[in-house]
Amino acid sequence: MSFLALGSLSAQSTLHQNNENQYYRFGLELFDKQKFSAAREQFERYIAVGTDEIKKADSEYYVAYCALNLNNPDGTQLISDFVAKRPNHPKASKAYYNLGVNAFESKDFATANKYLKLANTSVLDNNERSETNFKIAYSAFSLNKKAEAIEYFDLAKQQDSPYYADANYYAGFLAYLDANYDKVLVDLKRAEASPKYQFRVPIMITSAYFKQKRYGEVLAYAGKFKDIATESRRMDYLYQIYQMAGESAYSQERYEEAIEFYGLYRQIAGKSITEETLYRIAYSNFVLGNAEPAIEDFKRVGLKEDTLAQLASYYLGQLYVEKENYLFAIAAFDKASKLPFDEKIQEESSFNYAKVNFEAKKYSIAIGALDRFIKKYPTSSYVPEANNLLSEAFLNTNDFLRAITFIERIENKTDRVKEAYQKVTFYKGTEYFNTAKYKTAIQLFDKSLKFRVDKDLEAGALFWKAEAQATSRSYAQAISSYQKVIDTRNRNSEYYLKANYGMGYAYYNTQDYARARVYLKRYVDALQNKKDRLNYDDAILRLADCYYVDKAYATAISYYQRAIDNNNPNVDYAYFQKGVVRDFQNKSDEAIQALDIVINRFSQSRYFDDAVYKKSQIQLEANEFRASIIGFTRVIERLSQSPFIPYAYESRALAYFNLNELDKAEEDYKTILNKYVTSKVANSALLGLQNTLKLNNKVLEFDQYLTKYRSANPDNESLETIELEAAKNKYFSGEYSAAIGAFADYEKSYAESPLRHQAKFFRAESHYRLSENDKALTIYYELDRESEIADMDVVFQRIGELQIKAGDFQEAANYYSKLEGIARSKRQENDAWVGLLDAYFKLGDYTKMRVYANNILTKGSISQDATNRAQLYLAKSAYSEGDFDEAIDQLLSTINAAKDQYGAEAQYLLGKIFFQQKQYQQSLNTLFEFSENFGEYDEWLGKAFLLVADNYIALDELFQAKGTVNSIIENSTVESVLAEAKTKLAEIEKLEAALAEKEASQDTTQNKGGNQ
């Protein structure tokens, strides 16, 4: 029994042990399979029932380890308790290691760092030791303990382990932060051997070389990564590697390589490139002769206002000069010259700005720029060349006033400068002449004659001086000046022949017809067989007139006939004069035949009423009284404003008298004495009326007409005459306000006097001179209704002119038409045409406007001002109608002929048309000629360069547009232009901002390679 009992007890003990071991064994199996939760449960069961102290100690360790791996809250405490309870246990030495590793995995770097440093590394294998050192280092790194991190990373990389590459990477990274670039290169090149880091470390390796200025090694290293398609998918910060390679090549002046790497850089970086890098890219292209890309990049850099912008603008100017794009070069050098950062560049750019303006034939601007340069940099090596350019610019400029001012300031003038002065004063004189400023023109021609370098210009100055004197009716002085031209005996000069014409005309106007015909004949004979026969048609008629006045009738007829045969523009006058001469030759039939041609073929001729009247006079003298009456009546009824009317009444009265139709004769004589009592025929009309009344037995009526005649024609000693002359003296002395009062008093005192109409006329003229337009108009209209003065042409012209100013263009046209109808001279006819030109243009009636424009352009003897205006109006009308081709033709004609405000407007409009047609370069070419051709017309100059800016904006040339507008703001004095320029500058700055924003937006989408 006892044996059995003992055996039974032994069996129970063995079973219990088997159960304990089963918990332990299952726990290990589960632990090995990393099923930490189930393993922990088995080990805890063993601890509860197990009897083997060694296994219980192991189980306590495994429970703690499982808890750590399960992130159980009690894991750390269990490990700590285990180490404290069993400090000598073999697994206690690894417990801190495991505790540290677990904390590291949980990113509890402070705990990890603490426990890993407590681990007994002697019990760890090589990999575990490397792991421990690495994780201590990384924890320290994460805790910003850089020195400790470096120490342990260096320990971790001493052994080949899974942490070797990591340790080298972080050791190299920390060395980079400390600028220990030699260590960087050692550590990171080891890390680069690992696939994990081979595409992450090149940026730091490249940078380390770059920081050490080992540019050659940068290029050698970066050269491995040129396959941008492949590298951009895997490489970190690839764009910066390319950038540093580009900068390295630039630093070593290896510009081709620089461009290659910069090109790769730009493919990734897009347009978000620093101004410094962009400048270096541009400069590299500049050195290599790659003009176009250099220009584009320099333009972007040049938009700023800093040192790089100054340099970029300077090189941009050079590139434009190489391409002979002088106009763009101007803006570039202008900007570089105004930025103060590099004084040498500023000096050279100032000179180049002047020189390029010269090359662009913008001589007036070049003159100003060269003058400023010489004053600012008197010791510059460029001064000799600047002086030479200045002399040449003077010779070529069209901005004559500025050139004259500059030259007159030069004390010691070279021969070239004297030659330039002769030229610019001459051409400025002709400009003044063309705008009817004859006194000023003469002063300029005298200045031109101060230096007689060019003999042809000397003759020209003498000639145009004579022309100005002749036009001013200073005929004696004009004759003297013409004679000096003729005395040169330079028959090849254009002025020699013209001087003969001018001399002939001057003698003609002084009624010295014998001398006049000598010079006029010389002129006519010289041009007889020439194609270019300027003024020939007029000269031949004046020559005929001279022979007529000298009673050489046969010769006069031959020249009038030559004018007729040549279809002279004034053929109506030739026929009329032929009729007059034939009458003097007592060839009445031939005279009437010639006059009938005027009457029947030239009904709109200003010689029409002359012809009708003359024909009637011939008939009267031939006792063809009835026929003459028809003619005189035609003058009276058709030409109500004709100065021939009182003469027609007087002659018709004589015809009626001879026909014994005394009542009709009496009526005509009375009409003269009632309506034209101050006319030259009033006296003969009084005598005729006396005889007629006597025959009609109405002698008593004569006294009232005699009284009226005496009242209208007082002797010079009468009070009425004295008062009227006193008022006139005030008017002619320019005392218009006083004259108005004096004429008003006269009209009041002599309300019934026929001379009151003359006083009223001068009162209107006084108001006109004072610009009291409304008052003047009121009186002019009264004079029109009364029609009692001989100066009705002036009345019509004044009403037309004042209504143009008032904006009533139709009324103006009506009165200029009246003036045209009564015109007795070429001057009056011209004034009417110019007025009608203006009125119909303002009315938009271009059909009628063109009639008068063509009259002005084709019928000669018109002022240059009127000719230029007519040409411009033809262009503007075509422009308004949308006929741009015709407008362009007319504008070109205007520009070629007109050097005044009309030419300036024409040049601007031509540029505007090209701009509207999107022919931007053509528009720019046109507008760039403006400053040289019409630089003195400030408002049009400003408008032209505002349009230049618009062209640049349309061409996306914001650098040029901004430079142009800034130049306008700096130089213009016209308020309207300045205001528009400031508005346009704001517009350009908005465009720049929008462009920058667009580029930044595009840059955010760029792939810069790998992780950033």
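Residues numbered from 1 in each chain as written. Predicted model: local features only at pLDDT ≥ 70, side-chain atom pairs only at ≥ 80, totals over all residues. Heavy atoms only, no water.

Engineer: Sorry, what's going on with the overall build of the chain here?
Structural biologist: Counting its regular elements, the chain contains 55 helices and 0 strands. The C-alpha atoms of the chain give a radius of gyration of 54 Å, which is well past the 31 Å a tight globule of 1012 residues would have. By residue count, 53% of the 1012 residues in the chain fall in the buried class. Of the contacts formed within the chain by residues at least 6 apart in sequence, a portion of 53% connects residues at least 24 apart. Per element, the accessible surface of the chain, about 47,600 Å² overall, is 47% carbon and sulfur. Looking at the chain, you have 127 positive and 142 negative side-chain charges, and the mean spots of the two groups are 1 Å apart. (Helix = DSSP H or I, 4+ residues; strand = E, 2+ residues; numbered from the N terminus. Rg over C-alpha atoms; globule rule 2.2 N^0.38 Å. Buried < 20%, exposed > 50% of the residue type's maximum accessible area, 1.4 Å probe, protein only. Contact = heavy atoms within 4.5 Å. Areas by Shrake-Rupley, 256 points an atom, 1.4 Å probe, with all protein chains shown as cover. Lys, Arg positive; Asp, Glu negative; His and termini not counted. Charge placed at Lys NZ, Arg CZ, Asp CG, Glu CD.)

Engineer: Teacher, can you tell me more about the nonpolar core here?
Structural biologist: Across soluble globular proteins, nonpolar side chains show a tendency to be buried alongside one another. Judged by nonpolar contacts, the single largest core of 261 residues is most densely connected at F153, Y279, F298 and Y482. Per-element tally for this core: the top contributor is helix α26 (residues 455-471), with 9 residues. For Y482, the residues in contact, after removing those within four places along its chain, are F463, A466, E467, A470, A499, G502, M503 and A506. Of all hydrophobic cores here, the second largest spans 52 residues; its members include F762, I779, V795 and Y846. (Core = buried A, V, L, I, M, F, W, Y, C linked by side-chain atoms within 4.5 Å.)

Engineer: Could you clarify how one ought to interpret the domain arrangement of the chain in this entry?
Structural biologist: Note on interface size: it is often stated as the accessible area lost on association of the parts. In terms of domain boundaries, the chain breaks down into domain 1 (20-89), domain 2 (110-193), domain 3 (436-526), domain 4 (533-606) and domain 5 (790-862). Distance from the C-alpha centre of domain 1 to the C-alpha centre of domain 3: 131 Å. (Domains from an automatic or database assignment.)

Engineer: Can you walk me through the packing of helix α22 (residues 383-396) against helix α24 (residues 415-434) in this structure?
Structural biologist: Axes are the key here: two packed helices are described by the angle between their axes and the distance separating the axes. α24 packs onto α22 with a crossing angle of 20 degrees between their chain directions and a minimal axis gap of 8 Å. By the angle class used here, α22 and α24 are roughly parallel. Crossing hand, α22 versus α24: left-handed. Taking contact as the criterion, the partners of S391, E392, F394, L395 and N396 in α22 are, on α24, R416, V417, E419, A420, K423 and V424. Split by residue class, the contact of α22 with α24 holds 5 nonpolar, 2 polar and 4 charged. (Axes fitted to C-alpha atoms, helices over the stretch in contact; angles between N-to-C directions. Parallel < 35°, antiparallel > 145°, perpendicular 65-115°, else oblique. Left-handed = near helix turned anticlockwise from the far one by under 90°. Nonpolar A, V, L, I, M, F, W, Y, C, P; charged D, E, K, R; others polar.)

Engineer: Looking at this model, I keep getting lost on the side chain of Q803. Mind explaining?
Structural biologist: Its location among the elements puts Q803 in helix α44 (residues 792-806). Those residues in contact with Q803, other than ones at most four positions away along the chain, are L777, Y781, D808, F809, E811 and A812.

Engineer: Please explain the pattern of salt bridges as it appears in this structure.
Structural biologist: Where charged atoms of side chains with opposite charge meet at close range, the side chains can pair. Here the structure, examined in full by the defined rule, presents 73 salt bridges. Here E260 ties to K226 by a salt bridge, and the two come within 3.3 Å at their closest N and O atoms. Of this pair, E260 sits in helix α15 (residues 255-269) while K226 sits in the loop between α12 (215-222) and α13 (228-231), and the two are 34 residues apart along the sequence. The partly exposed category is assigned to E260, whose relative accessible area is 35%. (Salt bridge = Lys/Arg side-chain N within 4 Å of Asp/Glu carboxyl O.)

Engineer: How do you make sense of unusual backbone geometry when you look at a structure like this?
Structural biologist: Backbone phi values are negative for most residues with the exception of glycine, while trans is the configuration of most peptide bonds. Even without a glycine there, the phi angle at N144 is positive, about 65 degrees. Tracing the chain through its elements places N144 in the loop between α7 (126-142) and α8 (146-156). Located in the positive-phi region is A179, a residue other than glycine, with phi close to 60 degrees. Relative to the helices and strands, A179 is located in the loop between α9 (164-177) and α10 (181-192).

Engineer: In this structure, what is going on with the packing of aromatic side chains? I would like to understand it.
Structural biologist: Each pair of aromatic rings is reported with the distance of its centres and the angle of its planes. A full pass over the atoms with the stated rule returns 88 aromatic pairs. Ring geometry for Y61 against F82: centres 5.5 Å apart, planes inclined by 55 degrees, an arrangement best described as tilted. You can see Y61 sitting in helix α3 (residues 53-69) and its partner F82 sitting in helix α4 (residues 75-85), a full 21 residues away along the chain. The exposure class assigned to F82 is buried, which follows from its relative accessible area of 3%. Ring geometry for F426 and Y427: centres 5.1 Å apart, planes at 70 degrees, overall edge-to-face. A residue is classified by how much of its surface remains accessible, and F426, at 2% relative accessible area, is buried. In this structure an aromatic cluster arises from ring pairing among F104, F109, F134, Y138, F141, F153, Y163, Y169, Y170, F173 and Y197. If you follow K428 out to its NZ or CZ, it ends over the ring of Y432, 5.0 Å from the centre. Looking at R798, its charged tip hangs above the ring of Y768, at a distance of 4.1 Å from the centre. (Phe/Tyr/Trp six-rings, centres within 6.5 Å; stacked < 30°, edge-to-face > 60°. Lys NZ or Arg CZ within 6 Å of the ring centre and 35° of its normal.)

Engineer: Hey, could you run me through the packing of helix α30 (residues 536-549) against helix α31 (residues 553-565) in this one?
Structural biologist: Running from N to C, α30 and α31 cross one another at 160 degrees; their axes reach a closest spacing of 7 Å. Between α30 and α31, the interaxial angle falls into the category roughly antiparallel. In this structure, α30 meets α31 at a crossing whose hand is left-handed. From α30, Y536, I540, L541, L543, A544, D545, Y547 and Y548 reach across to α31, where they touch Y553, T555, A556, Y559, Y560, R562 and A563.

Engineer: Quick question: what am I supposed to make of a negative patch on the surface here?
Structural biologist: On the surface, D883, D885, E886 and D889 cluster together to form a negatively charged patch. Counting through the fold element by element, D883 comes out in the loop between α48 (864-880) and α49 (884-897). For D883, a relative accessible area of 36% translates into the label partly exposed. (Patch = residues over 30% accessible without salt bridge, like charges linked within 9 Å, V, L, I, M, F, W, Y side chains within 5 Å.)

Engineer: How do you make sense of the side chain of T894 when you look at a structure like this?
Structural biologist: Mapped onto the elements of the fold, T894 is located in helix α49. Judged by relative accessible area, which is 1%, T894 ranks as buried.

Engineer: Would you mind showing me how to read helix α28 (residues 494-509) here?
Structural biologist: Residues lying three or four places apart along an α-helix face the same way, a consequence of the helix completing one turn every 3.6 residues. Over its 16 residues, α28 runs 23 Å from end to end, which matches the ideal 22 Å to within 8%, given 1.5 Å per residue. Residues Y495, Y496, A499, N500, Y501, G502, M503, G504, A506, Y507 and Y508 constitute the buried set of α28. Check the buried side of α28 and you find it contacts α24, α26, α27 (475-487), α29 (513-527) and α30. Put simply, S493 is the residue that caps the front of α28, since its side-chain oxygen is 3.1 Å from the backbone nitrogen of Y495. Residue Q511 follows α28 closely and has a positive phi angle near 65 degrees. (Expected span 1.5 Å × (residues − 1). Polar contact = N/O pair within 3.5 Å; in protein donor to acceptor, adjacent residues only side chain to side chain.)

Engineer: It is not clear to me how helix α54 (residues 958-971) should be interpreted in this structure. Could you clarify?
Structural biologist: Between its first and last C-alpha, α54 extends 20 Å over 14 residues, near the 20 Å set by a 1.5 Å rise per residue. Every buried residue belonging to α54 is among L958, F959, Q960, A961, K962, T964, V965 and I968, and all of these are buried.

Engineer: Sorry if this is basic, but what is going on with the environment of K670 here?
Structural biologist: With respect to the helices and strands, K670 occurs in helix α37 (residues 662-675). Among the residues examined, K670 registers a relative accessible area of 16% and is labelled buried. In the structure, K670 is positioned 339 residues away from A331 in sequence and 80 Å away in space, judged by C-alpha atoms. The contacts of K670, once residues within four sequence positions are left out, are L689, L693, E701 and Y705. Here E701 takes part through its side chain, which lies 2.8 Å from a polar atom of the side chain of K670.

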